[in-house]
Every structure is written in structure tokens, then in C-alpha cells.
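Geometric and topological summary
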Amino acid sequence: MIGKLFPHAEIFKWMMYGNDGKHPACDPSYFGRREFSFTLDNDIYLRFQSFNNAAELESSIKEKCPFKIDIGPVYSVDPAKRHAYAQGGNNVFMPVERELVFDIDMSDYDDVRYCCSGAEVCLECWPLMTIAIKVMDIALRDDFGFNHILWVYSGRRGVHCWVCDGRARRLTNEQRAAIADYFRVYKGNENSNKKVSLMGPALHPLLARLYTDVLKVFFEEKLLGG
Ligand SMILES: [Zn+2]
């Protein structure tokens, strides 16, 4: 059954990012340096799984039947052989690429929803998630120039955003933090009523644009009535 349901070939094609042997500049070791982690039904967590091709990925998933699969970074060397490389003396085992990932959780919107709280989600509050997606998607494309953006339902109470452009995959941690900071307008805590802090004498051009193009329309036409 899992052989029919799980998109092995598509996942492999995606994670190859074109390193498929058809181009002279391709890197045949690329997919094999990606870490996969499996969570099995007895809560056993298997890290540093790696596969050289789609068939290896598929047979391992069929054999182990993981409840959850995490996609980790691409390392400098095959993560399954990291110990062998470590014995070589110079510690070359390190992450070199990873998609830029954002995690938006419905429970972070408890200040502005009256229907649900925590992990609950309903048709009244889910549109807030739609707006969050629009806001992030517009800024990632227009202000950062990213094109390969994947939005996926997290399976419980939110969504994940995977920015897959090569430029995004090679960002340092410091650069990732700076991008996250660009989106930060929420400065509130439990003791203050003011949750959103808009700095400076004028609205940032991004916020001004989002306000007119996305937020105002949504607030007036959908949220206010609801
Ligand atoms: Zn709700």
C-alpha cells in the first residue's frame, strides 16, 4: 500500500535539484548527502539515514514503515558514513545546504481569534492562516526574489513554508535569522496589551503594501463580518 501512496519518485526528483547526471555540472553525490530521519511506531528515532537513489529510499521506507519522516540538511559528506570521515582526522562532516523553512502555527494567533485557542482550528479562524501565507509569499517573492516556494499543511494546526531556491538553501544561520527578523512586527508579551510594534515615523514599504493589498480587504470583507 505505501508503495502506491508515498511519492518516492517525486520526492527523489525534488531533492535532486537537477543533479541527475544529464548536465555536465551536476553533482552525482548530492542526493546521497541528504539526511533523512525516521520516527518508527515505537518512538525509535533513526537519524542520519541516507540514500543513493529513489529505489534505496523506497525500499527503506517500505521496510521500516516510519510514522514520520524528517528531511534534514545536505551535508559535506554522506551522513551515514560520518564516523568514517571523522576518523580521518579533519572534521569535514558538516551541513552545507538546507531549505529555508518557516513554520506558522495557528496557536500563535490566540490574541486575535475568539472561536478557538491552542491546537483547535475551525473554518472561522483558518482564513488567518491564508492571510499569513499571502503575506509571507508576497514578501519572499517580491522583496527577496525567491521563486521556488512550497506551502504545505503541517498535518495538525498550521502550515510549513519551504523556500527551495539554491540561493535560499545556501543561506547561513545568521542570514536566515535576518530574514525572519524582517517579518517580525510582533513584539508583545503576556503583560502588554500592545502586541504589534510598528517602528519609525512611517510604515515600512512592505507593511504599507500588505496593508492596502491584503490585510485591509480581508479585515473588512471577511474578518469583521465573521
Ligand atoms: Zn476557530
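The shown structure was predicted, so the numbers you read here are calculated from the model rather than taken from an experiment. (Residues numbered from 1 in each chain as written. Predicted model: local features only at pLDDT ≥ 70, side-chain atom pairs only at ≥ 80, totals over all residues. Heavy atoms only, no water.)

On to the packing of helix α5 (residues 126–142) against helix α8 (residues 205–223), then. The N-to-C vectors of α5 and α8 enclose an angle of 160 degrees; their axes lie 11 Å apart at closest approach. One finds that α5 runs roughly antiparallel with respect to α8. When the axes of α5 and α8 are compared, the crossing they make is right-handed. On α8, the residues touching Pro 127, Leu 128, Ile 131, Lys 134, Val 135, Ile 138, Ala 139 and Asp 142 of α5 are Leu 206, Arg 209, Leu 210, Val 214, Leu 215, Phe 218 and Leu 223. Here the residues of the contact of α5 with α8 sort into twelve nonpolar, no polar and three charged. (Axes fitted to C-alpha atoms, helices over the stretch in contact; angles between N-to-C directions. Helix = DSSP H or I, 4+ residues; strand = E, 2+ residues; numbered from the N terminus. Parallel < 35°, antiparallel > 145°, perpendicular 65-115°, else oblique. Left-handed = near helix turned anticlockwise from the far one by under 90°. Contact = heavy atoms within 4.5 Å. Nonpolar A, V, L, I, M, F, W, Y, C, P; charged D, E, K, R; others polar.)

Another point: helix α3 (residues 54–64). Along α3, the residues that are buried comprise Ala 54, Leu 57, Ser 60 and Ile 61. Buried residues of α3, seen end-on, are gathered within an arc of 135 degrees and therefore sit on one face of the element. The exposed residues of α3 that point more than 90 degrees off its buried face are Ala 55 and Glu 63. Of the residues flanking the start of α3, the one acting as N-cap is Asn 53, its side-chain oxygen 3.2 Å from the backbone nitrogen of Ala 55. (Buried < 20%, exposed > 50% of the residue type's maximum accessible area, 1.4 Å probe, protein only. Arc of directions from axis to C-beta. Polar contact = N/O pair within 3.5 Å; in protein donor to acceptor, adjacent residues only side chain to side chain.)

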